[in-house]
Amino acid sequence: MPQHAQNTPVCRDCDGFATAAITTGTRHADGTRATLRVTCPACKGTGRTSAAGLAHAGR
């Protein structure tokens, strides 16, 4: 029997890429770039939506 993966709902706002590293353009003293880590506000950085958060459309 084939095994099926569970259907995990992916966040609509970030498409599962919940955290992004954004460069500020400045550099540290050792030459590395200064970055900011930003998380998706909709899924709080998990990349998934909860079943309770999904809205059902229709009748």
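The structure this text deals with has already been given above.
Residues numbered from 1 in each chain as written. Predicted model: local features only at pLDDT ≥ 70, side-chain atom pairs only at ≥ 80, totals over all residues. Heavy atoms only, no water.

Some remarks on a nonpolar patch on the surface
Here is step 1: A surface patch of nonpolar side chains, about 250 Å² in accessible area, is lined by Ile22, Leu36 and Val38.
Here is step 2: Looking at where Leu36 falls in the secondary structure, it is placed in strand E2 (residues 33-39). (Patch = residues over 30% accessible without salt bridge, like charges linked within 9 Å, V, L, I, M, F, W, Y side chains within 5 Å. Areas by Shrake-Rupley, 256 points an atom, 1.4 Å probe, with all protein chains shown as cover. Salt bridge = Lys/Arg side-chain N within 4 Å of Asp/Glu carboxyl O. Helix = DSSP H or I, 4+ residues; strand = E, 2+ residues; numbered from the N terminus.)

Overview of the pairing of E2
Both faces of the sheet carry side chains from a regular strand, because those side chains alternate between them.
Here is step 1: In terms of strand pairing, strand E1 (residues 19-27) meets E2 through 6 bridges, oriented antiparallel. Counterpart to Thr19 in the pairing with E2 is Thr39.
Here is step 2: Between the end of E1 and the start of E2, which pair antiparallel, lie 5 residues, with Gly31 showing a positive phi angle near 100°. (Pairing = 2+ DSSP bridges.)

What about the environment of Ser50?
Here is step 1: Secondary-structure assignment places Ser50 in the segment after E2.
Here is step 2: Taking the C-alpha atoms as reference points, Ser50 and Pro9, separated by 41 residues in sequence, lie 7.4 Å from one another.

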